[in-house]
Amino acid sequence: NGRAQGIIASPPYETWSAARYLMVEGKTSPPPLRTLTEPWGKMGLTLRQYKQVHLSNILLGVALDFTMIMLGTGGFAMLEHPSATTYRISAPSIWRLPYTQIIANSPAGRFVHFRQRIHGQISEKPTTLLTVRLQTLSRYIHRPQCYIEQQTKKVLGGLTEQGTWET
């Protein structure tokens, strides 16, 4: 009804994560659930994996629907997700989907790419925002917000000492 002025969304990314393509101790960590040619979920998933992908697809769909509504009604929108990987070009990304491309290529749409390290994150964590009617956001996002000591960059991936996946 035109009552919403804008949305900010960050759909879950664990099923999209390029970290699923990393090799740790001779095995992938955890296994990929999507591919470039099967972005909505690989064939042959277990029931648990299918449920995880299905829920992620629903939540991404809602975020994209609301973004499209804002595009049509004059509101603003911002979607956040990890950037498409450059080290594993075959890894899927929501930024390669036709829906996000249509929004980004509209007159009001725009991709904003940045690394979270400039805002205090312990790793580079390349991130992309899909924005609608937020053209000046980029200059604030790219301005470092905190002092970062010159230290070795931490790469998020692999197992922690506790045996959980580090992301």
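For the structure itself, consult the block above.
Remember, it's a predicted structure, so these values are computed and weren't measured experimentally.

S.K.: What is the right way to look at unusual backbone geometry in this model?
M.R.: Excluding glycine, a negative phi dihedral is what most residues carry, and trans is how most peptide bonds are arranged. Phi is positive for R133, which is not a glycine, with a value near 60°. Mapped onto the fold, R133 is located in the loop between β6 (126–132) and α3 (137–141). Residue R133 is classed as partly exposed on the basis of its relative accessible area, which comes to 33%.

S.K.: Explanation requested: the sheet that holds strand β5 (residues 109–115) in the structure shown.
M.R.: Paired through backbone hydrogen bonds, the strands of a sheet run either parallel or antiparallel to each other. Sheet architecture is open: 4 strands sit in the order β1-β4-β6-β5, paired in mixed fashion. Whereas interior strands pair on both sides, the edge strands pair on one side only; in this sheet they are β1 (6–9) and β5. Going across the sheet, the axis of each strand differs from the next one's by a mean of 15°, ignoring polarity. In this structure, β5 lies alongside β6, joined through 7 bridges in antiparallel fashion. In the strand pairing of β6, F114 is matched with T127.

S.K.: How should I be thinking about the nonpolar core in this particular structure?
M.R.: Across soluble globular proteins, nonpolar side chains have a tendency to be buried as a group. Residues I7, L60, L79, I94, L130 and V132 are the most contacted members of the largest nonpolar core, which totals 18 residues. At the level of secondary structure, the elements contributing two or more residues to this core comprise β1, α1 (47–73), β4 (76–82), α2 (98–104) and β6. For this core, the leading source of residues is α1, giving 5 residues. Counting 5 residues, the second-largest nonpolar core is a separate cluster that includes M78, F114, L129 and I141.

S.K.: What should I look at first to understand the pairing of β1 in this one?
M.R.: In the case of a regular strand, side chains alternate between the two sheet surfaces. Of the two faces of β1, only the one carrying I7 and A9 is buried; G6 and I8 on the other face are not. Examined bridge by bridge, β1 and β4 share 4 bridges and lie parallel to one another. What sits directly across from I7, in β4, is A77.

S.K.: What's the story with the packing of aromatic side chains in this structure? I'm lost.
M.R.: One pass over the full model with this rule turns up 3 aromatic pairs. Here W40 and Y99 contribute two aromatic rings whose centre-to-centre distance is 6.4 Å and whose plane-to-plane angle is 65°, an arrangement assigned as edge-to-face. With W40 in the loop between β3 (27–28) and α1 and Y99 in helix α2, this residue pair connects regions lying 59 residues apart in the sequence. A residue is classified by how much of its surface remains accessible, and W40, at 39% relative accessible area, is partly exposed.

Criteria and thresholds
Position numbers for residues start from 1 in each chain and track the written sequence from start to end. Local features are withheld for residues below a pLDDT of 70 in this predicted model, meaning they are given only at 70 or higher, and side-chain atom pairs are given and counted only at 80 or more; totals for whole chains, interfaces and linings count all residues. Where side-chain values are given, they derive from all heavy atoms of the structure, hydrogens and water being excluded. Strands are runs of DSSP state E lasting at least 2 residues, helices are runs of H or I lasting at least 4, and numbering of each runs from the N terminus. Burial status follows relative accessibility: with a 1.4 Å probe on protein chains alone, a residue under 20% of its type maximum counts as buried, one over 50% as exposed, and anything between as partly exposed. Paired strands, in this sense, are two strands between which DSSP finds at least two bridges. Between N-to-C directions, angles cover 0 to 180 degrees, with each direction set by a line fitted to C-alpha atoms, over the stretch in contact for helices. Only buried residues count toward a nonpolar core. Its members are Ala, Val, Leu, Ile, Met, Phe, Trp, Tyr and Cys residues joined through side-chain atoms within 4.5 Å. Ring pairs shown here join Phe, Tyr and Trp side chains whose ring centres sit within 6.5 Å, with only the six-membered ring taken for Trp; geometry is labelled stacked below 30 degrees between planes, edge-to-face above 60, and tilted in between.

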